[in-house]
Amino acid sequence: MRLATLFILLLLLVSPAFADVELARKGKRPVLLTEVYQHQGEPFMALDEVLDAVGLRGDWDSVRHIYRFRSPAGKASLSPGSRYLKLGDFRFDLKTRPRFIDSRLRVGEDFILEQLPRLTGSEIYYRNLSPAVERPGSAESATERLFSFLTRRKVRSPESGVRSILIDAGHGGSDAGSLVRGAPAEKEIVLSVGQSLARRLKMDLGATADLTRTGDYDLSAEQRLDLLTQSNVDLYLSLHVQTGFSTKSQGVSFSIPPSGAFYDPQAETRSLVLVEKMTEALQKQGFTVQGLYRPALLGLSSVATPSIHVELGYLSHEIDLETLSSAQGQERIVGALFDGIRNYSDTLKENSR
């Protein structure tokens, strides 16, 4: 009897958990995908079923171990465990790596929500009919762990302005970030800009400015958290660059944490003021600014420190690429970012009088 019970428990532990989702191009009749594998709370869907639901087709190359398919945006490919979707000469980040489950290559929700619109050139209807329920004590996502500690901190008094800044140069090491043929990788550009900005903040603003990484090496979310918890910063700045579906996409864009009950109102107000000051400084230097996007900053749900995510430009745009790739262009960006932070700091001091 005991052996039978153990056998049943073993089956429960190794058997996959399935769910259902609806998927279609917007305006089309949704297709029901019933073989959705839940792995650690993340839904994984068979790539061939996902593509079929939006009218695309592909084939698995068993020799090169890669899945290829055509789309209105061009030839695309995916491979198991890859950090990227390859589309023509461009590579786009995948937050969730494709994996083989039950002998099928499967992709996560971020592929559907972020990559399918790019591949199809249309909006995507997606509905998870069986979302995973987070159990008490279950592990948070890496990005939530990275920033959740900020909720335990109060926003500093504004009298002294900005005295301590943490700059996160995105990606690093084996994670190159956005890539375009013949151009520096995203990880190289943001590290160079971050280092220059930190030096300028120390020299001309007298502030403490640290980077989450100081070289080209892998840095996990947990390691970034360790670095962040060792200091009490007035401002968190995350630097990235991107590529676009269209070569016409251009300019700097900002994101801040989503507004909500768990976002400290002071932190939200100051984040918005910082975006305003940076926008003014960038435009004064002749940069195109796309604007502010309220969707989550790196998955943030609750923050008590002014924090912004900056996309410095598009590697897929000729002018942005030239700016981001050259020392002179990077210094122009650093100058504008510095002016924005300095003006933000001055505004805090003035408003506290």
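Preceding this paragraph is the structure being described.
Residues numbered from 1 in each chain as written. Predicted model: local features only at pLDDT ≥ 70, side-chain atom pairs only at ≥ 80, totals over all residues. Heavy atoms only, no water.

1. Remarks on the nonpolar core
Counting 43 residues, the largest nonpolar core has L197, L201, L239, F254, I308, L312 and I341 as its most contacted members. For this core, the elements supplying multiple residues, two or more each, are β12 (164–169), α5 (186–205), β14 (208–211), β15 (235–242), β16 (252–255), α7 (265–284), β18 (307–314) and α9 (327–351). If near-sequence neighbours (up to four positions away) are discounted, L312 is found in contact with V190, V193, L239, H240, V241, G251, V252, L324, I333 and L337. Core analysis: the second largest hydrophobic core is formed by 27 residues, V50, L87, F92 and L94 among them. (Core = buried A, V, L, I, M, F, W, Y, C linked by side-chain atoms within 4.5 Å. Buried < 20%, exposed > 50% of the residue type's maximum accessible area, 1.4 Å probe, protein only. Helix = DSSP H or I, 4+ residues; strand = E, 2+ residues; numbered from the N terminus. Contact = heavy atoms within 4.5 Å.)

2. Topic: the packing of aromatic side chains
Scanning all chains against the criterion turns up 2 aromatic pairs. Centroid distance Y67 to F69: 6.2 Å. Interplanar angle 55°. Geometry classified as tilted. Y67 gets classed as buried once you look at its relative accessible area, which sits at 9%. Positioned above the aromatic ring of F338 is the side chain of R200, whose terminal nitrogen or guanidinium carbon lies 4.3 Å from the ring centre. (Phe/Tyr/Trp six-rings, centres within 6.5 Å; stacked < 30°, edge-to-face > 60°. Lys NZ or Arg CZ within 6 Å of the ring centre and 35° of its normal.)

3. Concerning the environment of H309
With respect to the helices, strands and loops of the structure, H309 is situated in strand β18. Its relative accessible area of 9% is what places H309 among the buried residues. On a C-alpha basis, the gap between H309 and Y236 in space is 8.5 Å, while along the polypeptide they are 73 residues apart. Here E311 takes part through its side chain, which lies 3.1 Å from a polar atom of the side chain of H309. (Polar contact = N/O pair within 3.5 Å; in protein donor to acceptor, adjacent residues only side chain to side chain.)

4. Considerations on helix α3 (residues 109–120)
If you check α3, its first and last C-alpha atoms are 16 Å apart, about what 12 residues at 1.5 Å a residue would give, namely 16 Å. Considered for burial, the residues of α3 that qualify are D110, F111, I112, Q115, L116, R118, L119 and T120. (Expected span 1.5 Å × (residues − 1).)

5. Things to note about the packing of α5 against α9
One way to put it is that α5 packs onto α9 with a least axis distance of 9 Å and a crossing angle of 45°. By the criterion of interaxial angle, the relationship of α5 to α9 is oblique. Where α5 crosses over α9, the two elements pack in a sense that is right-handed. For the pair α5 and α9, contact is made by I189, S192, V193, S196, L197, R200, L201, D204 and L205 and by Q330, E331, I333, V334, G335, L337, F338, I341 and R342, respectively. Looking at side-chain class alone, the contact of α5 with α9 contains 10 nonpolar, 4 polar and 4 charged residues. (Axes fitted to C-alpha atoms, helices over the stretch in contact; angles between N-to-C directions. Parallel < 35°, antiparallel > 145°, perpendicular 65-115°, else oblique. Left-handed = near helix turned anticlockwise from the far one by under 90°. Nonpolar A, V, L, I, M, F, W, Y, C, P; charged D, E, K, R; others polar.)

6. Some points on the sheet that holds β15
Within a sheet, adjacent strands bond to each other through the backbone by hydrogen bonds, running parallel or antiparallel. Spatial ordering of the open sheet is given by β14-β12-β15-β18-β16-β17, a layout of 6 strands whose pairing is mixed. Each of the sheet's edge strands pairs with one partner strand only, and the pair in question is β14 and β17 (289–293). Here the strands of the sheet are splayed against their neighbours by 20° on average, with no regard to which way each runs. Pairing of β12 with β14, which is carried by 4 bridges, proceeds in the parallel orientation. (Pairing = 2+ DSSP bridges.)

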